[in-house]
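Take a look at the letters that make up each chain.
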Amino acid sequence: MEIATVARPYAEALFKIAEKQDLTQWSQLIDALANIGSHPQVLEVANNPNLRKDQVAEILFQIFRCENDEMVKNFIRVLVDNDRVSLLPEIARQFEELKNASQGAAVAKIATAYPLTEAQIDELVGKLEKRFGRKLIPTVEVDESLIGGICATVGDEVLDLSVRAKLQKMHETLVS
């Protein structure tokens with residue numbers, strides 16, 4: 001079974017709880033849990049066959065510093081009981097997607113051929129928000145193989161305005 005499929009019910013359950021409280025606070029908490037939970041030593045403890053599940057949970061409570069937060073402790077217990085601690089990064093990713101969708105936003109992965117200034121990024125994001133019809137949360141990376149231009153991915157939509165894509169299209173036209 002795919003990790004995303006297994007993680008989805010956990011992310012959705014957390015999101016339902018967080019919606020009734022403070023989404024931003026829960027988002028930060030889940031991100032922190034995912035960062036700690038993906039550490040090899042934490043996974044080693046979680047998967048240690050010499051420890052009982054209640055012992056693993058108690059150790060994780062201390063690592064996550066959540067001894068006083070019953071909701072977080074219950075969440076960790078469920079993950080430990082179902083051998084799902086390794087899913088924390090994927091649960092956090094899906095939680096963020098649910099949070100963004102509830103706020104009418106989406107993550108935009110933007111690749112550019114050259115580094116952009118903050119002003120250029122702001123201008124580009126404004127144009128992309130009009131194009132995609134929603135608020136975007138940009139992550140920008142430089143990909144020199146684009147030669148020039150940008151390639152933006154929002155969900156399953158791709159807008160490739162790179163020189164590389166234009167050259168590929170010209171090549172296909174000339175070859176056919």
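What comes next is a walk through the structure. (Residues numbered from 1 in each chain as written. Predicted model: local features only at pLDDT ≥ 70, side-chain atom pairs only at ≥ 80, totals over all residues. Heavy atoms only, no water.)

Quick look at unusual backbone geometry
Argument step 1. With a phi angle near 55°, Asp83 is a residue other than glycine that sits in the positive phi range.
Argument step 2. Locating Asp83 in the fold gives a position in the loop between helix H5 (70-81) and helix H6 (88-102).
Argument step 3. Non-glycine residue Ile147 carries a positive phi angle of around 70°.
Argument step 4. Its location among the elements puts Ile147 in the loop between strand E2 (135-142) and strand E3 (150-154). (Helix = DSSP H or I, 4+ residues; strand = E, 2+ residues; numbered from the N terminus.)

Digging into the packing of aromatic side chains
Any pair of aromatic rings gets described here by the distance separating the centres and the angle formed by the planes.
Argument step 1. If you walk through the whole model with that rule in mind, you get one aromatic pair.
Argument step 2. Between Phe15 and Phe95, the aromatic rings sit 5.9 Å apart at their centres with planes inclined by 70°, giving edge-to-face as the arrangement. Placement of Phe15 in helix H1 (residues 3-19) and of Phe95 in helix H6 is noted, with a sequence separation of 80 residues between them. Phe95 matches Phe15 in its accessibility class, with the two residues each being buried.
Argument step 3. Above the face of the Phe132 ring, Arg131 is positioned so that its terminal group lies 5.4 Å from the ring centre. (Phe/Tyr/Trp six-rings, centres within 6.5 Å; stacked < 30°, edge-to-face > 60°. Buried < 20%, exposed > 50% of the residue type's maximum accessible area, 1.4 Å probe, protein only. Lys NZ or Arg CZ within 6 Å of the ring centre and 35° of its normal.)

Structural notes on the sheet that holds strand E4 (residues 157-160)
Argument step 1. As summarised here, the arrangement of the four strands in space is E2-E1-E3-E4, forming an open sheet in which the pairing is mixed. Only two strands of the sheet have a single partner each, and these edge strands are E2 and E4. Each strand axis lies, on average, 20° off the axis of its neighbour in the sheet, ignoring direction.
Argument step 2. Across eight bridges, strand E1 (residues 105-112) lies against E2 in parallel orientation. The partner of Ala106 across the bridge, within E2, is Leu136. (Pairing = 2+ DSSP bridges. Axes fitted to C-alpha atoms, helices over the stretch in contact; angles between N-to-C directions.)

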